[in-house]
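Descriptive structure summary
As a plain string of letters, each chain reads:
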Amino acid sequence: MVGRRAELSQLQARLERAHRGAGAIVLLSGEAGVGKTRMTAELARHAGVPVRCGRAMAAHTAPYGPLVSALGTALPRQADRAQLFDALHAALMRAAPALVILEDLQWSDEATLELLATLAEPVARLPLMVVGTYRSDGLPRLHGLRRLRNELRRAGRLDELALRELRREETAELLAQVLGAAPSPALVHTIHDRTAGIPFFIEELAGALRVRGALRDGDVGLELTGGHELPIPATVRDAVLVGASELSDAGRRAAEVAAVAGDGVDLGVVVRLAGDDGVADVLQAGLVREEGGVARFRHALTREALYADLPWTTRRRLHARLAEQLEARGAPPGDVAAQWLGARDDERARRALLAAARESAAVHAYRDAAEAGRQALELWPEQQDPAGRIAILERYARCCQLAGELNEAARAWRELIVAAGDDGVVAEARRELAAVHELRGDVTAAVGARLAAADGFVVAGRLAEAVGERLAVANHHQYASRHQAAIALAEVAEADARRAGRLDLQLRATGIAGMARAKSKDYAGGLEAVRGALAVALEHDLTGEATSLYHLLSVTLYQSADYAQAEATLDTALALCEVHPDPATLGACRSCLAYVLVERGEWARAAELCRAAIAEDASSFASQGLLGAVYALEGRMASARRLLTESLAAAERVEHYNMSVIDTVGLARVAAAEGDEAGARERCDRLLELWARSEDRHYAVAGLRWASAYLAGRRDGTAAHACADALSRIAASTGHADALAALAQAIGECALLEGDAAGAAGQLVRAAELHRGLDMPLERAEIELRAGVALAAAGEREPALERLREAYRTARRLGARPLASAVANEVAALGEPLAARLGARADGDTDGTGLSPREREVLRLVSAGRTNREIAEDLVLSRRTVDMHVRNILRKLDCRSRVDAAVRARALGV
């Protein structure tokens, strides 16, 4: 521990704090040979708690390998990423109190580094210290360790200790210990200059000099025989080889096999290839040590020096023999791939890499899967199995996309576009590329990719998909006020839709062209076109297209007139529906308008419209479901559940997809609010099932967005990722801002679940920005809430509170009590005074009731059995005021009677 006593004391102090429950993840860095392993060994020797060790391997490290090795746990099979993280977190908790040492993280798999970032927070509450060592020299700019350090720094959890080189006087002290006598100043000078003060180099060079008999006693200490002109090993490689020259032939063979195999090789494999005597010799010489049947070099530089000294033919032969041995033993495919790569057997290496990619993807280690896939693609022979290569390239692109490596995903999709010979496959890849561009915020590139995809679908004879791409681009143009370009594209799309026999797409194209014309030069003609398309959609019971056209109609009127005309937009739509003589069409018109009103936040008007429809026709299941959805958003859960259940039964009976989705999402919200996690999960599964069986690209977006947040919050990564995947497909096919915002939120929720707070915040802020131009206040407020949560987790406190304030204001304006409650509780969890941050009424929102302090007083007296007259006398209020408070209490608590209110009061602890 020469020159390391201060650093050791720091680590020991941190370990003492961990003993007391303030755990930490500490990164120990330094150049190769600077003494990181020796430092952790000394820390472990006096730890006073169990010590668990894991190590990354130079050739290949399996996903989560260092932690799995250290904790002695097995990964669950067929688990999603969140479950894997939970399993390792649980293993850490079981291990505590402990010192966990993870060595050589510069060779770690990406999955381990990502997991460490998520563990910093829980470890801080455990009697546990995790020390991760890594080489600081030659660390690539994009290495995962740099991301880990950045994530820990952002979370305020970066705890790092860097070991420096020894000073000249410390080199003298170390030489005296190694050589058993004081060195002369000249010897110290020579060795310090040759080794740059790296302890391992100093020890190896001193040992080599002693083996050669190159030292003698001088007047001022040990010195070189023959003066300074005597050659000494100039590199550690030479020093290691001098030491290895003392091995027997069998020992040398064992050392060579171990060097080729890589650090951490099974001793049984070495014995099989080099014999028992050779293994015994190399162990006795101290070049390699045995740890639980595994051979480890005393230092990685020793292995590197021995490996570099081998002739290339010998290296390739040994790599091939090791690969065969590992395959026979069923070793992880990544380990096998590393050996076939060393043997230059590209075909076998490629097969093993593909297996490693599948294995990594199965445990959601997407970065590692992408890296293995990249290597496999690099080894793919030209002209061999092009269809197979295209399939692997597509999987590689998706893994990059799921890992958040959007630049590489874009590159892979572009390569697939060049490689694929099938026009349909090329068009699909261009569509995926467009979605990647949109997630990156590159609208221009996305537009180009979608137009190219449209052309490809036309060539492939898939006209309907070509129409979809062109309409998505037309929407981009009209949002950017490029109205003539929007008109031109929509008219081409309309013609193709007519050729394809797709009335729904034809009407959508007509609506977009009409809206663009109205915004440009021909308002009257454009408005007439949109209204005409809407009438045809209603006539053919194309509810989805009708809803889209309602939106286009409202946007047309909003953009071409003032706010008064904008407010009259949906009244105009209702008037259009009412001129239709068919009662069914009128009902569809009312329900579609109610749906749009709910989306726009005009809940009172939507509820009024639904109640009127139900009064005229008690079997109006669409109006029942939409009214139930409003009640759920307002927090009136009992009434919501009854209406939604009745509506869903009728909708499923007649296979009405749109209302089935609305009712299912509404019931999921109700179950979640009531703490019925199994019921909420069942509804979310049903939503995914409904979407998968449909061609819907609209109705499911809001529900999938909400479900991704709910499921991620319950650490159900499998279902949350399924929602993200569904939204990815919707966004890729439509390019609509609502779908892109929902996808960005879903990606952010998954990132937050996996501990990537900074990445989650970026995605959720992006979702909020995408939603800012949409007239959907509830969804925007829900996204702002989640953006606030992610920003707070990322350490961005004031921006988080600003997002939460915005969400709270919208929730209060809408009357969305569950949302207001969720926001208030998040602000309270940050330790902020609610009244100061959100307003005087916020304290009443933490329980989800929205009751004011006065209403809570009245409720307390109601639950005590007091009449309204008695309450008025006790509180010195008018009887009329008390009557108003009681009505508000019954409405807010969704209670039908004072008895129900008394029961609810007891449940609330009032």
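Everything here concerns the structure above.
Residues numbered from 1 in each chain as written. Predicted model: local features only at pLDDT ≥ 70, side-chain atom pairs only at ≥ 80, totals over all residues. Heavy atoms only, no water.

Attention now goes to helix α17 (residues 346-362). For α17, which comprises 17 residues, the first-to-last C-alpha distance of 24 Å matches the rise-based estimate of 24 Å (1.5 Å per residue) to within 8%. Considered for burial, the residues of α17 that qualify are Ala349, Arg350, Ala352, Leu353, Leu354, Ala356, Ala357 and Ser360. Looking one or two residues past α17, His364 carries a phi angle of roughly 65°, positive in sign. (Helix = DSSP H or I, 4+ residues; strand = E, 2+ residues; numbered from the N terminus. Expected span 1.5 Å × (residues − 1). Buried < 20%, exposed > 50% of the residue type's maximum accessible area, 1.4 Å probe, protein only.)

A few words now on the side chain of Glu832. Mapping Glu832 onto the fold places it in the loop between α42 (817-829) and α43 (834-838). In terms of polar contacts, Glu832 uses its side chain to reach the side chain of Arg797, at 3.0 Å. At a separation of 2.9 Å, a polar atom in the side chain of Glu832 contacts the side chain of Arg837. Ignoring sequence-local partners within four residues, the contact set of Glu832 consists of Arg797, Leu801, Val827 and Arg837. (Polar contact = N/O pair within 3.5 Å; in protein donor to acceptor, adjacent residues only side chain to side chain. Contact = heavy atoms within 4.5 Å.)

This part takes up the sheet that holds strand β8 (residues 265-266). The strand order across the open sheet built from 3 strands is β8-β10-β9, with neighbouring strands paired in antiparallel fashion. Strands at the two margins of the open sheet, each flanked by one partner only, are β8 and β9 (288-291). Bridge count for β9 against strand β10 (residues 294-297) is 4 bridges, and the pairing is antiparallel. Looking at the pairing, Arg289 lines up with Arg296 of β10. (Pairing = 2+ DSSP bridges.)

Another point: helix α26 (residues 523-539). The terminal C-alpha atoms of α26, which comprises 17 residues, lie 24 Å apart, in line with the 24 Å expected from a rise of 1.5 Å per residue. For α26, the complete set of buried residues consists of Gly526, Leu527, Ala529, Val530, Ala533, Leu534, Ala537 and Leu538. Projection of α26 onto a plane perpendicular to its axis shows the buried side chains occupying an angular sector of 165°, all on one side. Facing away from the buried side of α26 by more than 90 degrees, the exposed set consists of Ala524, Glu528 and Glu539. Where α26 ends, the next residue or the one after it, Asp541, has phi of about 55°, a positive value. (Arc of directions from axis to C-beta.)

Below, the discussion takes up the pattern of salt bridges. Taken as a whole and assessed by the stated rule, the structure comprises 72 salt bridges. In this structure, Glu438 and Arg450 form a salt bridge, with 2.9 Å as the shortest nitrogen-oxygen distance. Remark: Arg450 occurs in helix α22 (residues 443-459) and Glu438 occurs in helix α21 (residues 423-439); sequence separation between them is 12 residues. Each member of the pair Glu438 and Arg450 is classed as buried. As a salt-bridge pair, Arg686 and Glu652 come within 3.2 Å of each other at their nearest N and O atoms. You can see Arg686 sitting in helix α35 (residues 677-692) and its partner Glu652 sitting in helix α33 (residues 637-653), a full 34 residues away along the chain. It is possible to trace a salt-bridge network through shared partners that takes in Glu428, Arg431, Glu438, Arg450, Arg462, Glu465 and Glu469. (Salt bridge = Lys/Arg side-chain N within 4 Å of Asp/Glu carboxyl O.)

Strand direction decides the pairing type here: β8 and β10, joined by 2 bridges, are antiparallel. Residue pairing across strands places Asp266 opposite Val294, the latter belonging to β10. The turn joining β9 and β10, which pair antiparallel and follow one another in sequence, is formed by 2 residues; a positive phi near 60° is taken by Gly292.

The next thing to look at is the side chain of Arg780. Within the secondary structure layout, Arg780 lies in helix α40 (residues 777-793). No salt bridge is formed by the buried Arg780; the nearest opposite charge belongs to Glu784, separated by 5.7 Å. Discounting residues that sit within four places of it in the chain, Arg780 has contacts with His771, Arg772 and Leu774. (Lys, Arg positive; Asp, Glu negative; His and termini not counted.)

Bear in mind that shape data such as this cannot, by itself, settle questions of function.
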